[in-house]
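Structure at a glance
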Amino acid sequence: MKLNKTLTQIFNSDPMDSHYEYIISFLNVKLKKTQLDQLKSMKIQIVDDILETTPNVLIVKDFSTNPKILIALNKGIDIVSTKWLDDLFDSKTINKNTNNYLTTDVILEEKYK
């Protein structure tokens with residue numbers, strides 16, 4: 001028996017189940033159990049490995065040159081701030097228009113202007 005379970009294994013009984021309406025992934029974001037339960041009730045799937053399953057958005061606390069962010073950039077996954085998640089919890093609806101939530105690396109953008 002495997003003792004160390006990933007977030008995906010704990011949260012989703014069947015990660016490839018088609019009853020999910022939206023797929024998200026996190027980087028350096030911690031959620032409470034109540035928030036995880038709310039996501040599940042909204043039919044949102046959480047994935048850890050974005051190479052295996054492509055999420056609709058990657059939610060990040062801070063933009064960095066982390067491998068997960070680089071993979072998301074390569075795959076065309078929207079990288080959004082935690083504000084997207086805050087608004088989702090407040091409105092209890094999935095905002096699929098991520099334009100107002102896209103995050104960038106301010107330091108690198110300033111450096112290579």
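As shown above, the structure is provided for reference.
Residues numbered from 1 in each chain as written. Predicted model: local features only at pLDDT ≥ 70, side-chain atom pairs only at ≥ 80, totals over all residues. Heavy atoms only, no water.

**Overview of unusual backbone geometry**
One non-glycine residue, Asn28, lies in the positive phi region at around 60°. Among the structural elements, Asn28 can be located in the loop between β1 (22-27) and α2 (33-41). Of note in the backbone geometry, Lys92 takes a positive phi value of approximately 60° without being a glycine. (Helix = DSSP H or I, 4+ residues; strand = E, 2+ residues; numbered from the N terminus.)

**Structural notes on the pattern of salt bridges**
Taken as a whole, this structure holds two salt bridges when the rule is applied. Here Asp37 makes a salt bridge to Lys33, at a shortest N to O gap of 3.1 Å. Highlighted residues: Asp37 and Lys33, both in helix α2, separated by four residues, approximately one helical turn. Exposure remark for Lys33: the relative accessible area of 60% places this residue in the exposed category. A salt bridge links Lys83 to Asp87; the nearest nitrogen and oxygen atoms lie 2.8 Å apart. With Lys83 and Asp87 both in helix α4 (residues 82-91) and four residues apart, the pair spans about one turn of that helix. Residue Lys83 is classed as partly exposed on the basis of its relative accessible area, which comes to 43%. A relative accessible area of 21% means that Asp87 is categorised as partly exposed. (Salt bridge = Lys/Arg side-chain N within 4 Å of Asp/Glu carboxyl O. Buried < 20%, exposed > 50% of the residue type's maximum accessible area, 1.4 Å probe, protein only.)

**Here's the deal with the packing of aromatic side chains**
Considering all chains together, one arrives at one aromatic pair under this definition. Residues Tyr22 and Trp84 carry aromatic rings whose centres are separated by 5.9 Å and whose planes lie at 20° to one another, so their mutual orientation is stacked. Highlighted residues: Tyr22 in strand β1 and Trp84 in helix α4, separated in sequence by 62 residues. Assessed through its relative accessible area of 1%, Trp84 is described here as buried. (Phe/Tyr/Trp six-rings, centres within 6.5 Å; stacked < 30°, edge-to-face > 60°.)

**Focus on the sheet that holds strand β3 (residues 57-60)**
The strands that make up a sheet pair up through hydrogen bonds in the backbone, lying either parallel or antiparallel. Overall, parallel pairing links the four strands, which are arranged β2-β1-β3-β4 in an open sheet. What marks the edges here is a single partner per strand, and that holds for β2 (44-46) and β4 (78-81). Going from strand to strand, the sheet's axes swing by 35° on average, the running direction of each strand aside. Both β3 and β4 contribute to a ladder of four bridges, which runs parallel. Each bridged residue has a counterpart across the sheet, and for Val60 the counterpart in β4 is Ser81. (Pairing = 2+ DSSP bridges. Axes fitted to C-alpha atoms, helices over the stretch in contact; angles between N-to-C directions.)

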